[in-house]
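Listed below, chain by chain, are the residues.
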Amino acid sequence: MNNRLIDLYKKQFGTKPEKYFMSPCRINLIGEHTDYNSGLVLPAAISKFIHAVVGKRNDNKIHLKSLNKLGDVEVDLDKISNSPENKWGNYPLGIFATLQKRGYKLPFGLNIIYSSNVPIASGLSSSASMLDLTAFIASTMYNISLKNEEIALLAHQSETEFNGLQCGIMDEFAIALGKRNKCIFLDCGTNKFSYEDVSFKDLSLVVIVSNVKRALIASPYNQRVSECNKALEILKKHFKIESLSDLEVSNLEECKKLLSNDILYRRVKHVVTENQRVKDFIEASKNGEVNKMCDLLNKSHESLRDDYEVTGEYLDSIHDISMKYGAYAERMTGAGFGGSSIAVIKKEDFDYFKDKVIETFYKKYHIKPLIFLADICDGLTVKNIK
Ligand code: GLA
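The shown structure was predicted, so the numbers you read here are calculated from the model rather than taken from an experiment.

Trainee: I keep staring at the sheet that holds strand S7 (residues 183–187) and nothing clicks. Help me out?
Mentor: Hydrogen bonds between backbone groups are what pair the strands of a sheet, and the pairing can be parallel or antiparallel. Spatial strand order, S2-S7-S8: three strands in an open sheet with antiparallel pairing. The sheet is open, and its two borders are formed by strand S2 (40–41) and strand S8 (192–196), each paired with just one other strand. The pairing of S2 with S7 spans two bridges and is antiparallel. Across the sheet, residue Leu 40 finds its bridge partner in S7, namely Asp 187.

Listed below in structure tokens is the structure:
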């Protein structure tokens, strides 16, 4: 627990907070830009957390404060709307609006103070972490008792409907369902999932935060979503499919003929081959074939670079530098366009690898990436404050 947060709450609101909540961030091992195409993903929660202390209020206001953001936000529960005045508060507030939209009565207000050790807009999904966290806070404080999957779905509804990002469900699921040392193999078409042990044997997984900032809504993310939808509309006339993920690699030749537009074809090719790579990765992992797993991770990066075009100069540069300094595999993780990546390296090379990547990237861009060993952890937690 961060006692500074508890002290700040007492100072600001004159009472003790009741509960202490924590929510992790996520990486995705493989299965990128497949979730909104009802495809396969393999994310895991990692131990970079958003913390929150929470207490009830005697009125019906939601008062939000963050140690990382400027300005408090205070809104009446019955007057919540997405407005520029709410600034960063538009993310957490969407959860209360979405619960009300679903017919829940929220009989009292809440004070919430957030604090995060997660780099914001870094590709580790701090926004989904804040949404899941707030959904969990609301579910606990109002005794709604939502299951983890329901928390993920509520957070996802809030992000798409209230905040207008056409994202898939991967991030919200990865964070709400996180489990120590397990990856989550999720079929985003059915929301069915299983926990998988993924081991690189004597190699280690590291996370590289490029520290190149990007805002998802302003990025070509929604454009990729609409390109996929456009391709789906065309292909639906020829194949019996509900989503691009119903296509097999063996259908690609035909897709190429049907989609005269090369860009649309390459988007489809990425989605279809990426789903196959996820399946192959799971199988290689079950068979302990680490070389194959690494090869698939690299192929995923190449496909995201050449066909889906979401890696961008900075993440491609980190990929090349990492491979030069000893990585067995390296790929962007999350949305891309800046953000983060993961690499597989020898554990004993960690310090050398880290120094070299930081030094080389800094020389080129004057930006210092953050590099750490991935620690796969549990999802949402809550404790009473005594
Ligand atoms: C972002 C979105 C996810 C997913 C990834 C790309 O993190 O929030 O839903 O689409 O990008 O795989």
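Trainee: In this structure, what is going on with the site of the ligand? I would like to understand it.
Mentor: Every residue near the ligand is listed here: Arg 26, Glu 32, His 33, Asp 35, Tyr 36, Cys 167, Gly 168, Met 170, Asp 171, Tyr 221, Gly 334 and Ala 335. One of the backbone nitrogen or oxygen atoms of Gly 168 is found 3.1 Å away from an oxygen atom of the ligand. Measuring from an oxygen atom of the ligand, one finds a backbone N or O atom of Ala 335 at 3.4 Å. Burial of the ligand by the protein chains amounts to 97% of its free accessible area of 310 Å². When its residues are assigned to classes, the shell around the ligand shows five nonpolar, three polar and four charged.

Trainee: Before we go on, may I ask you to explain the packing of helix H2 (residues 90–101) against helix H4 (residues 148–162) in this structure?
Mentor: Two quantities define a packed helix pair, namely the angle between the axes and the distance from one axis to the other. Contact geometry of H2 with H4 gives a least axis separation of 9 Å together with a crossing angle of 105°. Taken together, the axes of H2 and H4 lie roughly perpendicular to each other. Together, Asn 90, Tyr 91, Leu 93, Gly 94, Ile 95, Ala 97, Thr 98, Leu 99 and Lys 101 of H2 and Leu 154, Ala 155, Gln 157, Ser 158, Glu 159, Glu 161 and Phe 162 of H4 make up the contact between the two elements. Looking at the contact of H2 with H4, its residues break down into eight nonpolar, five polar and three charged.

Trainee: I would appreciate a short explanation of the nonpolar core in the present structure.
Mentor: Side chains that are nonpolar tend, in soluble globular proteins, to be buried together. Of all hydrophobic cores here, the largest spans 80 residues; its most connected members are Phe 96, Leu 110, Tyr 142 and Phe 200. Considering each element in turn, this core owes the most residues, nine residues, to helix H3 (residues 126–141). If we skip the residues at most four places from it in the chain, Tyr 142 touches Ile 62, Leu 77, Phe 96, Leu 106, Pro 107, Phe 108, Gly 109 and Leu 110. One finds Val 225, Leu 235, Leu 252 and Met 332 within the second-largest nonpolar core, a separate group that totals 28 residues.

Trainee: Is there a simple way to explain the packing of helix H8 (residues 262–286) against helix H9 (residues 290–306) in this structure?
Mentor: Running from N to C, H8 and H9 point in directions that differ by 170°, and their axes come no closer than 10 Å. What the angle tells us is that H8 and H9 run roughly antiparallel. Seen along the crossing, H8 lies across H9 with a hand that is left-handed. Residues Arg 266, His 270, Thr 273, Glu 274, Arg 277, Asp 280, Phe 281, Ala 284 and Ser 285 of H8 lie in contact with H9, whose contacting residues are Lys 292, Met 293, Leu 296, Leu 297, Lys 299, Ser 300, Ser 303, Leu 304 and Asp 306. For the contact of H8 with H9, a count of residues per class yields six nonpolar, five polar and seven charged.

Thresholds, definitions, all that
- Residues numbered from 1 in each chain as written.
- Predicted model: local features only at pLDDT ≥ 70, side-chain atom pairs only at ≥ 80, totals over all residues.
- Heavy atoms only, no water.
- Pairing = 2+ DSSP bridges.
- Helix = DSSP H or I, 4+ residues; strand = E, 2+ residues; numbered from the N terminus.
- Near = heavy atom within 4 Å.
- Polar contact = N/O pair within 3.5 Å; in protein donor to acceptor, adjacent residues only side chain to side chain.
- Areas by Shrake-Rupley, 256 points an atom, 1.4 Å probe, with all protein chains shown as cover.
- Nonpolar A, V, L, I, M, F, W, Y, C, P; charged D, E, K, R; others polar.
- Axes fitted to C-alpha atoms, helices over the stretch in contact; angles between N-to-C directions.
- Parallel < 35°, antiparallel > 145°, perpendicular 65-115°, else oblique.
- Contact = heavy atoms within 4.5 Å.
- Core = buried A, V, L, I, M, F, W, Y, C linked by side-chain atoms within 4.5 Å.
- Buried < 20%, exposed > 50% of the residue type's maximum accessible area, 1.4 Å probe, protein only.
- Left-handed = near helix turned anticlockwise from the far one by under 90°.

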